[in-house]
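# Understanding the architecture of this molecule
What follows is the residue order along each chain.
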Amino acid sequence: MTARAAVIMAAGHGTRMKSRTPKVLHKVGGRTLLDRIIDTVQAAGCERIHVVVGTIPEVRALVVKRLGQAAVVVQDPPKGTGHAVLCAREALADFDGDVLVVNADPPLLQAQDLEPLFTLRQNGASLALLAFEPVDPLLYGRVIRGADGHVMRIVEPSEASDSEKQVRLCNAGMYLAGREDLFRWLSRLTDDNPKREYFLTGIVAEAVAEEKLVRAHAAPETAVMGADTPMQLSQAEAEFQRRRRAHFLAEGVAMTAPETVFFAWDTQVAAGATIEPYVVFAPGVTVETAVVIRAFSHLEGCVVREGALIGPYARLRPGADIGEDAHIGNFVEVKKVTVGKGAKANHLSYLGDGTVGAGANIGAGTIFCNYDGFFKYDTHVGEGAFIGSNSALVAPVKIGAGAYTGSGSVITEDVEPDALAIGRGKQAQKEGWAAKFRKKMAEKKAARK
């Protein structure tokens, strides 16, 4: 098979986002646009990937983290899309194969949408391009084809004739060609236009001038839709969520109101799980079978094991590992805690850093006091332990297996297995105090009228 490489154009600032965050670092499904397109070209079999960046350090940093320094190609100053790709010529000088040119901002593009371009190349096309038929083609360049389907030219909307404007097939701005052909055509581009830029679309005219075969593949509009504005970003997110909901329903995940459930790009939910309305999955969540996620819960970076019950109104933060048949109830927050099989924390608690043994019961209002303002410390609750309501467990501390803590206790020392620990002041009682107090305050209030 012919070797595959990719050049991703990510040098633009994305000013239409009107955001301090660079456009390609905005997210769909909890993953940046740039990460998503890197994922896509990797899935398409591209063994070499180069990303054209501008002067934004955060974008460069992401590329280095994902692909290494060698993947970075700098375009400075920007001189158009054709110039951007041409900047990668030296980086690919030793490559022998096909080069895929893609934008960094189509968040829903998948490898299966790109594969037809490689098929066109295998079938004799020197240049293959991705096209689509938009609902509203007003602002897109038209792909003009001959009688046998080969591409003759791309006409920008401002230059199209009335008949050309009736053409529905539009240019998506993504191309595939052999490395030698691609950079030869790019080197011939001129900036003879009002913007004084080198436009990537010009390679079509260069290929046609050489009597090379140029073919187009029509992809779904959703596959190539960009995310240049907050509105387009929200539309991409909506389509992503629609696809993920349909996927999980087809896989056997029960959802009574799927339109209210939001997934991340890497969410894993096993068949037989149930998700109630208004649940949000941030990245890094795995849910096993027979789990019930009750309404208004938020999960991130956690594992929920078979048969567990979560929520309603629960928050599972990164590092939470909820064991089989465990219960994490309403207004309970769990962060970096492993909860054992059958353990329960049903009400109004914070569990941060540590472990809860199998079968333990965490009473309402319990707090793992894990932070002293400088460092985090662990709390370990043994198997079958019973933590009384409104207990504060001051880490580092260990509660032994089967031990109890009295309600309202502040526990600062380790508790031996099967012991009862009480850390609170002795109760005192003053007979008749309440009646005397009410009488005194009533008289004082009356005197003020």
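Anything mentioned here points back to the structure above.
A quick note: this is a predicted structure, and the numbers were derived from the prediction, not measured. (Residues numbered from 1 in each chain as written. Predicted model: local features only at pLDDT ≥ 70, side-chain atom pairs only at ≥ 80, totals over all residues. Heavy atoms only, no water.)

## Examining unusual backbone geometry
In this structure, the amide linkage connecting Asp 76 to the following residue, Pro 77, adopts the cis form with an omega of 5°. On the secondary structure map, Pro 77 appears in the loop between β5 (72–74) and α3 (81–86). Cis rather than trans, the peptide bond between Gly 311 and Pro 312 has omega equal to 5°. Considering the arrangement of structural elements, one finds Pro 312 in the loop between β20 (309–310) and β21 (315–316). (Helix = DSSP H or I, 4+ residues; strand = E, 2+ residues; numbered from the N terminus.)

## Thoughts on the environment of Val 73
Mapped onto the fold, Val 73 is located in strand β5. Sequence-wise, Val 73 and Val 356 are 283 residues apart; in three dimensions their C-alpha atoms are separated by 49 Å. Other than its neighbours up to four places away in sequence, Val 73 contacts His 50, Val 51, Val 52, Val 53, Cys 87, Ala 88 and Ala 91. (Contact = heavy atoms within 4.5 Å.)

## Comments concerning the nonpolar core
Generally speaking, soluble globular proteins have nonpolar side chains that are buried together. Membership of the largest hydrophobic core comes to 46 residues, with the highest contact counts inside it found for Val 304, Leu 316, Ile 322, Ile 328 and Ile 399. Elements supplying a minimum of two residues to this core: β24 (333–339), β26 (350–356) and β32 (397–399). A per-element tally of this core places β24 first, with three residues. If you look at the next biggest cluster of nonpolar residues, it comprises 39 residues, including Ala 44, Val 51, Leu 109 and Phe 132. (Core = buried A, V, L, I, M, F, W, Y, C linked by side-chain atoms within 4.5 Å. Buried < 20%, exposed > 50% of the residue type's maximum accessible area, 1.4 Å probe, protein only.)

## Observations concerning the packing of aromatic side chains
Enumeration over the complete set of coordinates arrives at eight aromatic pairs. Note on Phe 248 and Phe 263: the rings are 4.5 Å apart at their centroids and 35° apart in plane angle, and the pair reads as tilted. Remark: Phe 263 occurs in the loop between β12 (254–255) and β13 (268–269) and Phe 248 occurs in helix α9 (residues 230–250); sequence separation between them is 15 residues. No difference in accessibility class separates Phe 248 from Phe 263, as the two residues are buried. Measuring from centroid to centroid gives 5.3 Å for Phe 263 and Phe 281, while their planes differ by 5°, and the two rings are stacked. Placement of the pair is Phe 263 in the loop between β12 and β13 and Phe 281 in strand β15 (residues 280–281), with a sequence separation of 18 residues. Taken as a pair, Phe 263 and Phe 281 share a single burial class, namely buried. Of note, Arg 4 hangs over the ring of Phe 118, and the distance from its end group to the ring centre comes to 3.7 Å. Above the plane of the ring of Trp 265 lies Arg 31, whose end atom (NZ or CZ) is 3.9 Å from the centre. (Phe/Tyr/Trp six-rings, centres within 6.5 Å; stacked < 30°, edge-to-face > 60°. Lys NZ or Arg CZ within 6 Å of the ring centre and 35° of its normal.)

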